[in-house]
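Residue-level listing of the chains:
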Number of protein chains: 2
Amino acid sequence: MALVESNKDNCKEKFMALRDAIDVLGGKWKIYILQNLSFGTMRFKDLQERVCGITPKVLSKELRELEENLLITRTVNDTKPITVSYTLTSYAMETKVVIAALMDFGLIHRKKIKEK
Amino acid sequence: MALVESNKDNCKEKFMALRDAIDVLGGKWKIYILQNLSFGTMRFKDLQERVCGITPKVLSKELRELEENLLITRTVNDTKPITVSYTLTSYAMETKVVIAALMDFGLIHRKKIKEK
DNA sequence: CTGTATCCACCTTGATACTG
DNA sequence: CAGTATCAAGGTGGATACAG
């Protein structure tokens, strides 16, 4: 049984879709950032503390990419000093299934490997 | 609404699960290899041709990792010359949901970005 | 506070050639 | 055929310092 149907017509499109998804969500930090933002709006500093160990340079880059992919919005608050908030877009809900599926598999897999 | 429930007791466990899943399935090639093997048993050379562009060194490494994670089995065939077959394990079915979810998101996302 | 700049170590991948 | 060895190159992320 195939993981996906072997349909010649849309096979290439599906491969591209996989590549897209992995590009958008993959890497070391993206899903953790989304995860944290799923609990509510957060500032740069908050994220830096919660996404344990990430440096400002990398966090900055990751946030920019998530914003380009329409998954988060960046808001500059007119406070003193200026603060910046990051929030999930409603579109980010589309990632919910993926993240849940990854988490489920991760939980199953840890058990599986332990009994090896 | 949170992508996952905010349950302090299992939050760390879930983060670890995400990390695990990304480690096992992430990277540039793993999912494509699984995808190809989902159509049936394949030899090293076949995979190299189908997973377009992968070099033997990298393919070899990826296959070893997938085997360690119990997702594929490696079989040496007593032919002349010797051939080697790779097959999905039944456990690999557990990745089906993840791959499907990634593909769905990828398809949605491509549309979303185009209309940007 | 919210980043950016610089420098650097590492890892991953690739090209190519080669072995059993 | 099924890989491994070697070397080179690029990207990625980290440490640290600094700027607006």
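Note that residues are indexed from 1 along each chain, following the sequence as it is written. Each chain gets a letter, beginning with A, and each ligand a number, beginning with 1, in the order they are written. Owing to the predicted nature of the model, reporting of local features is limited to residues with pLDDT of at least 70; listing and counting of side-chain atom pairs is limited to 80 or more, with chain, interface and lining totals taken over all residues. Each side-chain value is derived from all of the structure's non-hydrogen atoms; neither hydrogens nor water enter the calculation.

Enquirer: Explain the protein's contact with DNA strand D to me, using residue names and the numbers behind them.
Expert: We define proximity as follows: a residue is near a molecule or strand when any one of its heavy atoms falls within 4 Å of that partner. Lys 57 and Lys 61 of chain A together with Ser 60, Arg 74 and Tyr 86 of chain B are the nearest of the 19 residues found near DNA strand D. Across the atoms of DNA strand D situated within 4 Å of the protein, the share located in sugar and phosphate is 70%. Two N or O atoms form a polar contact when they lie within 3.5 Å of each other; inside protein one atom must be a possible hydrogen donor and the other a possible acceptor, and for residues adjacent in sequence the pair counts only when both atoms belong to side chains. Lys 28 of chain A has a polar side-chain atom sitting 3.3 Å from a phosphate oxygen of DNA strand D. Lys 61 of chain A has a polar side-chain atom sitting 2.5 Å from a phosphate oxygen of DNA strand D. Elements represented by at least two residues in the surface near DNA strand D include exactly helix H4 (56–68) of chain A together with helix H3 (44–50), helix H4 (56–68) and strand E3 (83–88) of chain B. Each helix is a run of H or I in the DSSP string that is no shorter than four residues. Each strand is a run of E no shorter than two, and both are numbered from the N terminus. When residues in the surface near DNA strand D are grouped by element, the largest group, 4 residues, is from H4 of chain B. Taken together, the residues that form the surface near DNA strand D break down as 8 nonpolar, 3 polar and 8 charged. Under this grouping Gly is polar, as are all residues other than the nonpolar Ala, Val, Leu, Ile, Met, Phe, Trp, Tyr, Cys and Pro and the charged Asp, Glu, Lys and Arg.

Enquirer: Could you give an account of the interface of chain A and chain B, naming the residues involved and the relevant values?
Expert: The partner chain B presents 52 residues to the 52 residues of chain A that form the contact. The buried area of a pairing is the accessible area, by a 1.4 Å probe, that goes missing from both parts when the two are put together, added over both. Taking both sides of the interface into account, the surface hidden between chain A and chain B amounts to around 5,400 Å²; carbon and sulfur atoms contribute 74%. For salt bridges, the criterion is a side-chain nitrogen of Lys or Arg within 4 Å of an Asp or Glu carboxyl oxygen. Applying the counting rule to chain A against chain B returns 2 salt bridges. Here Asp 20 of chain A ties to Arg 110 of chain B by a salt bridge, and the two come within 2.9 Å at their closest N and O atoms. Inspection of the chain A/chain B interface yields 10 residue pairs in polar contact (both at pLDDT 80 or more). For the side of chain A that touches chain B, the elements supplying multiple residues, two or more each, are helix H1 (8–25), helix H2 (30–37) and helix H5 (96–114) of chain A. No other element matches the 15 residues that H5 of chain A contributes to the side of chain A that touches chain B. Contacts are assigned to residue pairs with any non-hydrogen atoms lying within 4.5 Å of each other.

Enquirer: Outline the packing of helix H2 (residues 30–37) of chain B against H4 of chain B, listing residues and values.
Expert: Residues and elements named next belong to chain B. With their axes 10 Å apart at the nearest point, H2 and H4 run at an angle of 75 degrees to one another. As summarised for this structure, H2 and H4 are arranged roughly perpendicular, according to the angle between their axes. Note on element contacts: H4 touches H2 through Leu 59, Glu 62, Leu 63, Glu 65 and Leu 66, opposite Lys 30, Ile 33 and Leu 34. Working convention: axes come from line fits to C-alpha atoms, limited for helices to the stretch in contact. Angles between N-to-C directions cover 0 to 180 degrees. Any angle that falls under 35 degrees is termed roughly parallel, while one over 145 is termed roughly antiparallel, one within 65 to 115 roughly perpendicular, and all others oblique.

Enquirer: Residues and numbers for the relation of the copies chain A and chain B, please.
Expert: Superposition of chain A onto chain B requires a rotation of 180 degrees combined with a translation of 0.0 Å along the rotation axis, giving an RMSD of 0.1 Å. Read as a symmetry element, the transformation amounts to a two-fold axis. Comparing interface residues between copies, 100% of those in chain A also lie at the interface in chain B; the contact surface is shared. Each copy is superposed on the other by least squares, with the fit set by C-alpha atoms of residues at a pLDDT of at least 70 in both.

Enquirer: Provide a residue-level description of the packing of aromatic side chains, including the pertinent values.
Expert: Each Phe, Tyr or Trp ring, with Trp reduced to its six-membered ring, pairs with another whose centre is within 6.5 Å; inter-plane angles below 30 degrees give stacked pairs, above 60 give edge-to-face pairs, and intermediate values give tilted ones. Within the structure shown, the criterion is met by 3 aromatic pairs over all chains. Ring centres of Tyr 91 of chain A and Phe 105 of chain B lie 6.4 Å apart, and the angle between their planes is 25 degrees; this geometry places the pair in the stacked category. Here the residue Tyr 91 of chain A occupies a position in the loop between strand E3 (83–88) and H5, and Phe 105 of chain B occupies one in helix H5 (residues 96–114), the pair thus bridging two chains. Pair check on accessibility: Tyr 91 of chain A and Phe 105 of chain B agree, each one buried. Consider the ring centre and the ring normal. A charge sits over the ring if Lys NZ or Arg CZ is within 6 Å of that centre and within 35 degrees of that normal. Between the NZ or CZ atom of Lys 112 of chain A and the centre of the ring of Tyr 91 of chain B, over which it lies, the distance is 4.8 Å. Exposure is judged per residue with a 1.4 Å probe applied to protein chains only, and the accessible area is read against the type maximum: over 50% gives exposed, under 20% gives buried, and values in between give partly exposed.

Enquirer: Please give an account of the sheet that holds strand E1 (residues 42–43) of chain A that cites residues and values.
Expert: Residue and element names in this part refer to chain A. Strand pairing is assigned whenever DSSP detects at least two bridges linking the two strands. Spatial strand order, E1-E3-E2: 3 strands in an open sheet with antiparallel pairing. Here the strands that pair on one side only, and so sit at the sheet edges, are E1 and strand E2 (72–77). By the bridge criterion, 6 bridges tie E2 to E3 in an arrangement that is antiparallel. Note that in E3 the partner of Thr 73 across the bridge is Thr 87. Most of the contacts of H2 go to E3, to which it runs at about 95 degrees, and overall it touches E1, E2 and E3.

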